[in-house]
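What the coordinates show
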Amino acid sequence: AQSVTQPDIHITVSEGASLELRCNYSYGATPYLFWYVQSPGQGLQLLLKYFSGDTLVQGIKGFEAEFKRSQSSFNLRKPSVHWSDAAEYFCAVGAGVDGGSQGNLIFGKGTKLSVKP
Amino acid sequence: EPEVTQTPSHQVTQMGQEVILRCVPISNHLYFYWYRQILGQKVEFLVSFYNNEISEKSEIFDDQFSVERPDGSNFTLKIRSTKLEDSAMYFCASSRPGYGYTFGSGTRLTVV
């Protein structure tokens, strides 16, 4: 069965420090992978997605993620965190075809990011 | 940039009442979804809808739930007789091949 694991429930980093949020997935075929960010009381905003091709994916707000098939991982990174990055981050895997736009998404439990001044 | 619009943003209802959550997906998208997020928990898939019928549903989506696309623009989720445990944030999403998924801002449903 498909699953997504985000092992870190809560991470605190200092502003300006680098960030890595971990995501591991379990899926039988080539996965379609996504990272979403959710600010309190808000919806889900897509940061980036991986469908195929280059395993290093660039997203919005200076985020990037690297797909590592051998480790079943899709970790999210940012070289320098800003206070406005404080939010909850969700990794998701999709079972879709045609560019990962069909079928449902399986979400991880999320990682809450706090940023210290 | 096109958005998925959900109304209302917050709804309070009494246990046992029917509620309808409304969504306007992106106009040229073909697939429509409802997800649920209970406070402090992960986002869970409820149902997907394509070509005017349900294409997939989860175990959560029991007989108390139904979806409808009553016209060319709206996509609704109905809960027939709400329970306390239905209190959650409900997200609508739409997608189109090659473009990924777009989520709405959600409707917070509180059942009292």
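Before going into details, it helps to say that this report is about the structure given with it. Only a predicted model underlies this, so the values are computations on that prediction, with no experimental measurement involved.

Overview of the sheet that holds strand β3 (residues 19–24) of chain B
Residues and elements named next belong to chain B. Sheet architecture is open: four strands sit in the order β1-β3-β8-β7, paired in antiparallel fashion. At either end of the open sheet lies a strand with only one pairing partner, and these are β1 (5–7) and β7 (65–68). Neighbouring strand axes in the sheet, compared pairwise and without regard to direction, differ in orientation by 20° on average. Across four bridges, the pairing between β7 and strand β8 (residues 75–79) is antiparallel. Within β8, the position partnered with E68 by the bridge is T76.

Description of the pattern of salt bridges
Residues and elements named next belong to chain A. The tally for this structure, following the rule as stated, stands at five salt bridges over all chains. As a salt-bridge pair, D8 and R22 come within 2.9 Å of each other at their nearest N and O atoms. With D8 in the loop between β1 (3–5) and β2 (10–14) and R22 in the loop between β3 (19–21) and β4 (24–26), the pair connects residues that are 14 residues apart, well separated along the chain. Take D8: its relative accessible area is 18%, and that puts it in the buried class. Here R22 falls in the partly exposed class, since its relative accessible area comes to 39%. E64 is the salt-bridge partner of R77, the closest N and O atoms lying 3.2 Å from each other.

Comments concerning the state of the cysteines
Under the criterion given, the structure shown has two disulfides over all chains. Two residues share a disulfide in this structure: C23 of chain A and C91 of chain A, whose sulfurs sit 2.0 Å from each other. Note on the C23 of chain A and C91 of chain A pair: the S-S dihedral is about -65°, so by sign convention the disulfide is left-handed. Highlighted residues: C23 of chain A in the loop between β3 and β4 and C91 of chain A in strand β10 (residues 87–94), separated in sequence by 68 residues. As far as burial versus exposure is concerned, C23 of chain A and C91 of chain A are alike and both buried. A sulfur-sulfur separation of 1.9 Å characterises the disulfide bridge that pairs C23 of chain B with C92 of chain B. A torsion of -65° about the S-S bond marks the disulfide between C23 of chain B and C92 of chain B as left-handed. Here C23 of chain B is found in strand β3, whereas its partner C92 of chain B is found in strand β9 (residues 88–96), with 69 residues between them in sequence. Judged by its relative accessible area of 0%, C92 of chain B is buried.

Thresholds, definitions, all that
Residues numbered from 1 in each chain as written. Chains lettered and ligands numbered in written order. Predicted model: local features only at pLDDT ≥ 70, side-chain atom pairs only at ≥ 80, totals over all residues. Heavy atoms only, no water. Pairing = 2+ DSSP bridges. Helix = DSSP H or I, 4+ residues; strand = E, 2+ residues; numbered from the N terminus. Axes fitted to C-alpha atoms, helices over the stretch in contact; angles between N-to-C directions. Salt bridge = Lys/Arg side-chain N within 4 Å of Asp/Glu carboxyl O. Buried < 20%, exposed > 50% of the residue type's maximum accessible area, 1.4 Å probe, protein only. Disulfide = S-S within 2.5 Å.

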